[in-house]
Amino acid sequence: MTPHLSEAQLRALSPLALAYVGDAVYELFMRGHYLLPPKRIQAYHQQVVSQVRAEQQAQHLEALQPHLTPNEQTVLRRGRNATPSRRQRASAAVYQQATSLETLVGYLYLTNPQRLTELFSHLNLDPAD
């Protein structure tokens, strides 16, 4: 269920607002990917957490780079430049990449969910076992 936003509303959203949405969409995608075969909740949780960590998101972004359009590259730059500066457990560069990916995911979720699904298909995820 994708909200319908006008172009003006979409342009008014900050990169961090797009990343906020993208973070949730990305995690929901990962939860769906690892849902089968059935397992204990803790096992689901461990698999998903391993994929939504900033370090893994940065690796996923690197894998997606060759598949991105110039417009998508622009969205990534906006997300990278908007990364809040505060002490984290990973390096600032890793958080910039993760925020960039989340910004792109949020943007595509709101503008072109089919394209988002296409990009997700390029991720090399561990089998859901």
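Shown above is the structure to which this text applies.
Structural notes, computed from the coordinates. Here the structure is a predicted model, which means the values were calculated and not measured. (Residues numbered from 1 in each chain as written. Predicted model: local features only at pLDDT ≥ 70, side-chain atom pairs only at ≥ 80, totals over all residues. Heavy atoms only, no water.)

**Observations regarding the overall build of the protein**
When you go through the protein residue by residue, the secondary structure sums to seven helices and zero strands. For a compact globule of 129 residues, the expected C-alpha radius of gyration is about 14 Å, and the protein comes in at 15 Å, within 12% of that figure. For the protein, the spread of C-alpha atoms along the principal axes amounts to about 45 × 35 × 25 Å. Counting the 129 residues in the protein, one finds 37% classified as buried. If you take every contact in the protein between residues at least 6 apart in sequence, the share linking residues at least 24 apart comes to 74%. In the structure as shown, the protein presents an accessible area of about 8,000 Å², 55% of it carried by carbon and sulfur atoms. Distance from the positive charge centre (12 side chains) to the negative charge centre (10 side chains) of the protein: 7 Å. (Helix = DSSP H or I, 4+ residues; strand = E, 2+ residues; numbered from the N terminus. Rg over C-alpha atoms; globule rule 2.2 N^0.38 Å. Buried < 20%, exposed > 50% of the residue type's maximum accessible area, 1.4 Å probe, protein only. Contact = heavy atoms within 4.5 Å. Areas by Shrake-Rupley, 256 points an atom, 1.4 Å probe, with all protein chains shown as cover. Lys, Arg positive; Asp, Glu negative; His and termini not counted. Charge placed at Lys NZ, Arg CZ, Asp CG, Glu CD.)

**A short note on the packing of helix α5 (residues 70-81) against helix α6 (residues 92-111)**
Here α5 crosses α6 at 130 degrees, and the two axes come no closer than 7 Å. Comparing their axes, α6 and α5 come out oblique. Crossing handedness for the pair α5 and α6: right-handed. Residues N71, E72, V75, L76, G79 and R80 of α5 form the contact with α6, whose participating residues are Q96, T99, S100, L101, T103, L104, Y107 and L108. Considering only residue class, the contact of α5 with α6 consists of six nonpolar, six polar and two charged. (Axes fitted to C-alpha atoms, helices over the stretch in contact; angles between N-to-C directions. Parallel < 35°, antiparallel > 145°, perpendicular 65-115°, else oblique. Left-handed = near helix turned anticlockwise from the far one by under 90°. Nonpolar A, V, L, I, M, F, W, Y, C, P; charged D, E, K, R; others polar.)

**Looking at the packing of aromatic side chains**
Applying the stated criterion to the full structure yields two aromatic pairs. On the numbers, 4.0 Å between centres and 25 degrees between planes, the contact of F29 with F120 is stacked. A residue pair is termed long-range when its members are at least 10 positions apart, and F29 in helix α2 (residues 15-33) and F120 in helix α7 (residues 113-120) qualify at 91 residues. Take F120: its relative accessible area is 9%, and that puts it in the buried class. Chaining the aromatic ring pairs together yields one cluster made of Y26, F29 and F120. (Phe/Tyr/Trp six-rings, centres within 6.5 Å; stacked < 30°, edge-to-face > 60°.)

**Observations concerning the layout of surface pockets**
One number sums up the size of the second largest pocket: a volume of about 180 Å³. Residue lining of the second largest pocket: E27, R31, Y34, L35, I41, Y44, H45, V48 and V49, and that is the complete set. Within the residue set of the lining of the second largest pocket, elements represented by two or more residues are α2 and α3 (41-52). Looking at which element gives the most residues to the lining of the second largest pocket, the answer is α3, with five residues. (1 Å grid on protein atoms, 1.4 Å probe; cavity = no way out; pocket = protein on both sides within 12 Å on 5 of 7 lines; lining within 4 Å. Points joined across faces, edges and corners; volume = space filled by probe spheres on them.)

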